[in-house]
Amino acid sequence: MNALAATNRNFRLAARLLGLDSKLEKSLLIPFREIKVECTIPKDDGTLATYVGFRIQHDNARGPMKGGIRYHPEVDPDEVNALAQLMTWKTAVADIPYGGAKGGIGCNPRDLSKSELERLTRVFTQKIHDLIGIHTDVPAPDMGTNAQTMAWILDEYSKFHGHSPAVVTGKPIDLGGSLGREAATGRGVVYATEALLSEYGKSIKGMSFVIQGFGNVGSWASRLIHEKGGKVILVSDITGAIKNPNGIDIPELLKHKEATGSLKSFSGGDSMDLNEVLVHECDVLIPCALGGVLNRENAADVKAKFIIEAANHPTDPEADEILSKKGVVILPDIYANAGGVTVSYFEWVQNIQGFMWDEEKVNTELKKYMTQAFHNIKNMCQTHDCSLRMGAFTLGVNRVARATILRGWEA
């Protein structure tokens, strides 16, 4: 089942649990606006190349729309639609005053030079500058984009609207980016894990962890779990998998990856088959990479007691069912990886106030939001007698539905 079908299914189940009016349910699913633009740029060799850029703005009942911009060759409109919708529910679960959006350009950033990427980003911004804005829609980095991309968008947008640092988040620190943003998603995953484990009278210290994916989120989560006394026994990414039953020395592994660009040939552990990673014996499994990695083929063999969804949509609905029957507790992506958008919100707030916070304040506030959201989800689980995933979806959908009704959607 693809991301859109799965998200729609979860939304419909939540709407049913909440007893939403069918007209309202339909209205909440349909995106507020879909934008598609042609972006033609001169390549470095003088030839012209055309790319398609788009932005899906899903809902703005609770505030300006928020979501990433990805540069990727297969930008599938269905997936972007699902991710925009997911952002609507995610911001509502985290209780930050945003709606959802997502966008991107169908291109392969690896095939473009830095100056070509800059030209492409600026043309895209020119085409959508009057449809994004501090109080309208606030983009952020996603696959294939980074702080530099946001700096170009900010500069181009500011040519039309005056200096507006709050128009994008995930900016370089020198241009109004927030301290702690880099580690935010991984740190949020760890705070979410702590909140879940304390519910079972456990803590990170002494538990064994398997971390699939060692990019930004996976590496920060590993580092922080290691610092808190958790035992990271297995780490993997596309380059390979490293296991050490006594716990991997994460700071050393990070140095090794920095130096060699790969996890392979790390002396502090043995390499193993990538296909074994998700079904390895452990207390907590944290998928931090791609969607759909837990499916009906491997779900029955998962040995973890807890799964923390740091990736977007890592668990197929069929796997969800199998794992629930086994008694595995799954902390859903819509909550578990909300640390990134929460600190994006802090960045936006700092830019609007023109007053920057120190990193300690960022992390303290993030912990507060993540912990509070967990308790709100638990309350929904008790009210509707449902899984954590449905607890999170009912929480998010209910908040958006209430805002929509209060604003008078039938008028």
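Residues numbered from 1 in each chain as written. Predicted model: local features only at pLDDT ≥ 70, side-chain atom pairs only at ≥ 80, totals over all residues. Heavy atoms only, no water.

**Considerations on the overall build of the chain**
Item 1. The helix and strand inventory of the chain stands at 13 helices and 12 strands.
Item 2. In terms of overall size, the chain behaves like a compact globule, its C-alpha atoms giving a radius of gyration of 21 Å where 411 residues would be expected to give roughly 22 Å.
Item 3. When each of the 411 residues of the chain is scored for burial, the buried share is 60%.
Item 4. In the chain, the share of contacts with a sequence separation of at least 24, taken over all contacts with a separation of at least 6, comes to 66%. (Helix = DSSP H or I, 4+ residues; strand = E, 2+ residues; numbered from the N terminus. Rg over C-alpha atoms; globule rule 2.2 N^0.38 Å. Buried < 20%, exposed > 50% of the residue type's maximum accessible area, 1.4 Å probe, protein only. Contact = heavy atoms within 4.5 Å.)

**Regarding the layout of surface pockets**
Item 1. Approximately 400 Å³ is the volume found for the second largest pocket.
Item 2. Considering the residues around the second largest pocket, the lining is formed by 20 residues, among which D320, S324, S387, L388 and R389 are closest to the centre.
Item 3. Sorting elements by how many residues they give to the lining of the second largest pocket places helix α9 (residues 317-325) first, with four residues.
Item 4. Of the residues that constitute the lining of the second largest pocket, the class distribution is 11 nonpolar, four polar and five charged. (1 Å grid on protein atoms, 1.4 Å probe; cavity = no way out; pocket = protein on both sides within 12 Å on 5 of 7 lines; lining within 4 Å. Points joined across faces, edges and corners; volume = space filled by probe spheres on them. Nonpolar A, V, L, I, M, F, W, Y, C, P; charged D, E, K, R; others polar.)

**Notes on helix α5 (residues 147-161)**
An α-helical segment advances 3.6 residues per turn. Residues three or four places apart therefore align on the same side.
Item 1. The first and last C-alpha atoms of α5 sit 20 Å apart over 15 residues, in line with the 21 Å expected at 1.5 Å per residue.
Item 2. For α5, the full list of buried residues reads T149, M150, A151, W152, I153, L154, E156, Y157 and S158.
Item 3. Tucked into the core, α5 has its buried residues touching β3 (65-72), α4 (114-128) and β5 (137-141).
Item 4. Measuring from the side-chain oxygen of the N-cap residue of α5 to the backbone nitrogen of Q148 gives 3.0 Å; that N-cap residue is N146. (Expected span 1.5 Å × (residues − 1). Polar contact = N/O pair within 3.5 Å; in protein donor to acceptor, adjacent residues only side chain to side chain.)

**Points about empty space enclosed by the protein**
Item 1. Summed over the entire model, instances satisfying the criterion amount to one cavity of 30 Å³ or more.
Item 2. Of the volumes computed, that of the largest cavity is approximately 120 Å³.
Item 3. What lines the largest cavity is a set of 14 residues, among which A6, N10, H313, D333 and R389 lie closest to the centre.
Item 4. Listed by contribution, the elements that provide at least two residues to the lining of the largest cavity are α1 (3-18), α9 and α13 (388-407).
Item 5. A per-element tally of the lining of the largest cavity places α1 first, with four residues.
Item 6. Here the lining of the largest cavity is composed, by residue class, of five nonpolar, four polar and five charged.

**Some words on the sheet that holds strand β2 (residues 48-57)**
Item 1. Strand order in the open sheet made by the five strands is β1-β2-β4-β3-β5, with mixed pairing throughout. Of all the strands in the sheet, just β1 (33-42) and β5 have a single pairing partner and so form its edges. Each neighbouring strand pair of the sheet contributes to a mean axis angle of 20 degrees, computed without reference to strand direction.
Item 2. Looking at chain direction, β2 and strand β4 (residues 99-106) are connected through five bridges and run antiparallel. For F54, the partnering residue across the bridge sits in β4 and is G104.
Item 3. Against the sheet, α4 contacts β1, β2, β3 and β4, and its axis sits at roughly 140 degrees relative to β1. (Pairing = 2+ DSSP bridges. Axes fitted to C-alpha atoms, helices over the stretch in contact; angles between N-to-C directions.)

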